[in-house]
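# A closer look at the structure
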Amino acid sequence: MHEKPILRAPEWNWKVSTYLFMGGIMGGLGLLALVARPGRPDERRLRRTIRFVSLALAAANPGILITHLGRPERFHHMLRIVKYRSPMSLGVWGLVLYSGAAGANVLRELAETGSLPSWVRNIAPTFATPLQALMGAFTAGYTGVLLSASAIPVWAAGKRHIPAASVCSGLSGACALASLLALIDGNDDVAPKLERLEMVASTAELYILKDFRKKGGRYVRPLFEGAIGERLSANTIERGIAVPIVLNLFGELLELPKPLDRVRRIAASVLTLVGGYILRDCLVESGKISARDRGSALVQPR
Amino acid sequence: MFGPLDELRAHAEQRVATLRERGVESQLYGASDVGGGIGPLHAFFLLTDTPETYNLPIEPVLPSTRQRDGYTAAAVAVGALALTAFAIFRSA
């Protein structure tokens, strides 16, 4: 019997968790900006906020990636090739295109509201909004593919569940963030739409996680059992999904007094966002434990 | 050992046959399909015990082959949620 483990545990930390989490939010925001109709004042204001915030995230996320890479020039090297078989390579390109589209959309926004001369509109193409949505969807999904295209058993076993859950969690997180921003902005009309969409995305996420646990068998024990399992259960499944769904249902069904409703909205959004981050962190951390599971490493998931 | 692959494989198979004649259980790992659809490996080994004794996976899988399923699952989720999002925003 060998004493050395078969697989090398990933040396990933909170930076990767944050990167995966923010990638999901960026994806959800891209979709929300596409869905928002410019003809409706509340949706137009939502789109304006999202355009600025998504550009800020698009600027911050490569920063996290670059510090994680250790040597900044590695990021530059990644921009010299496109490798279809590598999610890491495609992901960088998705991020670059998303940033470009987000930048163009901010220029459009500033030109439309008169902060910039109107000719600026012409250099920012109209397809920037769908492009940002498409690249955002890719960014949210590829973070899951990135994990499963490895030999780490728990990630490999989640080849369908992890990408799908990442997309759902990304959208519910984006709705929560947009809802908080709308609250600050005083844009109350758009909140019920965001909350309804968040409920659907969170419910789908919950179902996918339950199904992952059921189908994953031995491979997913590091994620759903032990200290990580408890953390996932308490912070993501209960407080990050179930409680916000209930809070959003209250908002849908009851006419709460305004101050109380604000507290409800803030609580639901913050819990959803925290749950989304903890989900990514538990995925990353469970990979380290999974790598040490000899039996799973010997008979790898299909 | 180095040399043309066909010769190396023939040599290894002969060695396995000799060992088995002497009563030593042995097998080649990586000379033909290892299982999991990978096919022959770039290096192969003569084992006198099960692969797991040598820390070799029993039926290794190429991790990159999982990507298609992953992107498909993500695309299905994106499509379903995008339709829901349009429906929710249009109905309000």
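Keep in mind it's a predicted model, so treat the numbers as computed, not measured.

It is worth spelling out the overall build of chain B at this point. Tallying secondary structure elements over chain B gives two helices and two strands in all. The helix and strand sequence of chain B, counted from the amino end, reads α-β-β-α. When its C-alpha atoms are laid out on the principal axes, chain B stretches across 80 × 25 × 15 Å. Residues counted as buried form 32% of the 92 residues belonging to chain B. Long-range pairs, those at least 24 residues apart, make up 32% of the contacts in chain B between residues at least 6 apart in sequence. Per element, the accessible surface of chain B, about 5600 Å² overall, is 59% carbon and sulfur. Measuring between centres, the 7 positive side-chain charges of chain B sit 10 Å from its 10 negative side-chain charges.

Summed over the entire model, instances satisfying the criterion amount to five aromatic pairs over all chains. Measuring from ring centre to ring centre gives 5.9 Å for Phe21(A) and Tyr277(A), while their planes differ by 85°; the resulting arrangement is edge-to-face. Taken together, the positions of Phe21(A) in helix α1 (residues 14-35) and Tyr277(A) in helix α12 (residues 258-291) put the pair 256 residues apart, joining distant regions of the chain. Ring plane angle 15° and centroid distance 5.8 Å describe the contact between Phe138(A) and Tyr71(B), whose orientation is recorded as stacked. Of the two residues, Phe138(A) sits in helix α6 (residues 128-148) while Tyr71(B) sits in helix α2 (residues 67-91), which places them in two different chains. Three or more aromatic residues joined by ring pairs form one cluster here, namely Phe138(A), Tyr142(A) and Tyr71(B).

Residues and elements named next belong to chain A. On the surface, a nonpolar cluster with roughly 470 Å² of combined accessible area is contributed by Val-246, Leu-249, Phe-250, Leu-253 and Leu-254. Considering the arrangement of structural elements, one finds Leu-249 in helix α11 (residues 226-253). On the accessibility criterion, Leu-249 (38% relative accessible area) is partly exposed.

For the rest of this paragraph, the subject is the interface of chain B and chain A. Quoted interface sizes are often the accessible area lost when the parts come together. Taken together, the contacts link 31 residues of chain B with 49 residues of chain A. Both sides of the chain B and chain A interface together cover about 3300 Å² of buried area, and 67% of this is carbon and sulfur. Remark: the boundary between chain B and chain A carries three salt bridges. The shortest N-O distance in the salt bridge between Arg160(A) and Asp69(B) comes to 3.3 Å. Scanning the region where chain B abuts chain A turns up 14 residue pairs in polar contact (both at pLDDT 80 or more). Of the residues contributing to the side of chain B that touches chain A, the split by class is 19 nonpolar, seven polar and five charged.

Residues and elements named next belong to chain A. At Glu-238, α11 shows its maximal bend, which comes to roughly 35°. Among the residues of α11, Ile-228, Gly-229, Leu-232, Ala-234, Thr-236, Ile-237, Gly-240, Ile-241, Pro-244, Ile-245, Leu-247 and Asn-248 are the ones counted as buried. In this structure, the buried side of α11 is in contact with α9 (191-216), α10 (221-224) and α12.

Before going further, it helps to examine the domain arrangement of chain B. Under the domain assignment used here, chain B contains domain 1 (1-60) and domain 2 (62-92). Distance from the C-alpha centre of domain 1 of chain B to the C-alpha centre of domain 2 of chain B: 43 Å.

Before going further, it helps to spend a moment on the pattern of salt bridges. Side chains that differ in sign of charge can pair as their charged atoms come close. Residue and element names in this part refer to chain B. Per the counting criterion, the structure on display carries 26 salt bridges over all chains. Between Glu-25 and Arg-20 there is a salt bridge whose closest N-O contact spans 3.7 Å. Classification of Glu-25 as exposed rests on a relative accessible area of 57%.

Cut-off values and rules
Residues numbered from 1 in each chain as written. Chains lettered and ligands numbered in written order. Predicted model: local features only at pLDDT ≥ 70, side-chain atom pairs only at ≥ 80, totals over all residues. Heavy atoms only, no water. Helix = DSSP H or I, 4+ residues; strand = E, 2+ residues; numbered from the N terminus. Buried < 20%, exposed > 50% of the residue type's maximum accessible area, 1.4 Å probe, protein only. Contact = heavy atoms within 4.5 Å. Areas by Shrake-Rupley, 256 points an atom, 1.4 Å probe, with all protein chains shown as cover. Lys, Arg positive; Asp, Glu negative; His and termini not counted. Charge placed at Lys NZ, Arg CZ, Asp CG, Glu CD. Phe/Tyr/Trp six-rings, centres within 6.5 Å; stacked < 30°, edge-to-face > 60°. Patch = residues over 30% accessible without salt bridge, like charges linked within 9 Å, V, L, I, M, F, W, Y side chains within 5 Å. Salt bridge = Lys/Arg side-chain N within 4 Å of Asp/Glu carboxyl O. Buried area = accessible area lost by both parts, 1.4 Å probe. Polar contact = N/O pair within 3.5 Å; in protein donor to acceptor, adjacent residues only side chain to side chain. Nonpolar A, V, L, I, M, F, W, Y, C, P; charged D, E, K, R; others polar. Bend = angle between axes of the 7 residues up to and from the residue. Domains from an automatic or database assignment.

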